[in-house]
Amino acid sequence: MVSSEQRRRQLARDKYERQVQARAEAAAKRKKRNAVVASVLAVLVVAGVATVAGGAFDSDKKEKTASAAPSPSASGKQWAAEPAMSIDTAAQYTATMDTSAGKVTFSLDAAKAPHTVNSFVFLAGQQFWDGTKCHRLTTEGIYVLQCGDPTGTGSGGPGYSFADENLTGATYPAGTVAMANSGANTNGSQFFLVYKDTQLPPSYTPFGKITGGLDVLQKIADAGVQGGGGDGAPATPVNVTGITAVKG
């Protein structure tokens, strides 16, 4: 017989998966809309008004990298594609996240999630997360603090996405650092920190382990969610003052 606690946890997991699906559908709609915009711009170029674009579009079909200067946007720095690989996948990397609620440190698994760690190190070096906030806390069924969105809305990112990694046999025990996403292969800048053993399908790239500050996360979780409930903005504001990622 299923207990009330098991039922509650299942409902929480179902809710989380529905939200992921809704975000995936929203992302697909944005992609379709952007394709329409691109088609209109192409017509304008053919008509002889290419100067309006000012070099913002490149017909070269070779893979672009984020080595070029970022373009400004309402959500901060943005890049057209994920950064070129620059990390040493055989080396150890560590990250420090300084927040208004305390410091959290974690190791990064460059060997098992090279593209994820490469992107994380790149964004940290660009000070991409400075001044952002952790916008989501879950305290029922799933136990995570989600961060990394420059807009604080749950839909922001760095302008590029990259493929999932390290999913075979993936689990999410306390201390896991993993990528949030809006569907398969839609990783960007959002990630979550697991503060208590959590049951999730292997759909979220795990790329790090918390080495310090688990007590900070637990204190944030203990304060609960704004307005009550088990999913929403944390009652204790978690403002990220900076994230650094270094080799060694």
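Please refer to the structure placed before this passage.
Presented here is an overview of the structure given in this document. Since we're looking at a predicted model, the values are computed, not measured.

### Some details on the side chain of S189
Moving on, step 1. The topology assignment puts S189 in the loop between strand 6 (176-179) and strand 7 (191-194).
Moving on, step 2. Given the relative accessible area of 2%, S189 is considered buried.
Moving on, step 3. Polar side-chain contacts of S189 include one of 2.8 Å to the backbone oxygen of G148.
Moving on, step 4. Those residues in contact with S189 that sit more than four places away from it in its chain are L123, F128, W129, C147, G148, P150, G156, G157, P158 and M179.

### Quick word on the layout of surface pockets
Moving on, step 1. Size it by volume and the second largest pocket reaches roughly 210 Å³.
Moving on, step 2. D109, K112, N166, P206 and K209 are, among the 13 residues lining the second largest pocket, the residues nearest its centre.
Moving on, step 3. Elements supplying a minimum of two residues to the lining of the second largest pocket: strand 2 (102-108) and strand 8 (206-212).
Moving on, step 4. Sorting elements by how many residues they give to the lining of the second largest pocket places strand 8 first, with 4 residues.
Moving on, step 5. Considered class by class, the residues forming the lining of the second largest pocket number 4 nonpolar, 6 polar and 3 charged.

### Re the nonpolar core
Moving on, step 1. Ranked by internal contacts, the top residues of the largest apolar core, which has 42 residues, are M97, F106, L108, F120, W129, F191 and F207.
Moving on, step 2. Contacts of L108, omitting those with residues within four sequence positions, involve Y93, A95, V117, F120, V121, F207, G208 and A245.

### Re helix 2 (residues 114-125)
Along an α-helix, a turn takes 3.6 residues, which lines up residues three or four apart on a common side.
Moving on, step 1. Along its 12 residues, helix 2 runs 16 Å from first to last C-alpha, staying within 8% of the 16 Å computed at 1.5 Å per residue.
Moving on, step 2. The set of residues buried in helix 2 consists of P114, T116, V117, N118, S119, F120, V121, F122, L123 and A124.
Moving on, step 3. Of the surrounding secondary structure, the elements contacted by the buried residues of helix 2 are strand 1 (93-99), strand 2, strand 6, strand 7, strand 8 and strand 10 (239-247).
Moving on, step 4. In the stretch just after helix 2, Q127 is the one whose phi turns positive, near 55 degrees.

### Side note on the state of the cysteines
By definition, a disulfide links two cysteine residues through a covalent bond between their sulfur atoms.
Moving on, step 1. Following the criterion strictly, the structure yields 1 disulfide and no others.
Moving on, step 2. At a sulfur-sulfur separation of 2.1 Å, the disulfide partner of C134 is C147. One quick way to see it: the torsion about the S-S bond of C134 and C147 is about 95 degrees, and its sign makes the bridge right-handed. Of this pair, C134 sits in the loop between strand 3 (132-133) and strand 4 (136-138) while C147 sits in strand 5 (residues 144-147), and the two are 13 residues apart along the sequence. The two residues C134 and C147 agree in class, both being buried.

Rules and cut-offs
Residues numbered from 1 in each chain as written. Predicted model: local features only at pLDDT ≥ 70, side-chain atom pairs only at ≥ 80, totals over all residues. Heavy atoms only, no water. Helix = DSSP H or I, 4+ residues; strand = E, 2+ residues; numbered from the N terminus. Buried < 20%, exposed > 50% of the residue type's maximum accessible area, 1.4 Å probe, protein only. Polar contact = N/O pair within 3.5 Å; in protein donor to acceptor, adjacent residues only side chain to side chain. Contact = heavy atoms within 4.5 Å. 1 Å grid on protein atoms, 1.4 Å probe; cavity = no way out; pocket = protein on both sides within 12 Å on 5 of 7 lines; lining within 4 Å. Points joined across faces, edges and corners; volume = space filled by probe spheres on them. Nonpolar A, V, L, I, M, F, W, Y, C, P; charged D, E, K, R; others polar. Core = buried A, V, L, I, M, F, W, Y, C linked by side-chain atoms within 4.5 Å. Expected span 1.5 Å × (residues − 1). Disulfide = S-S within 2.5 Å.

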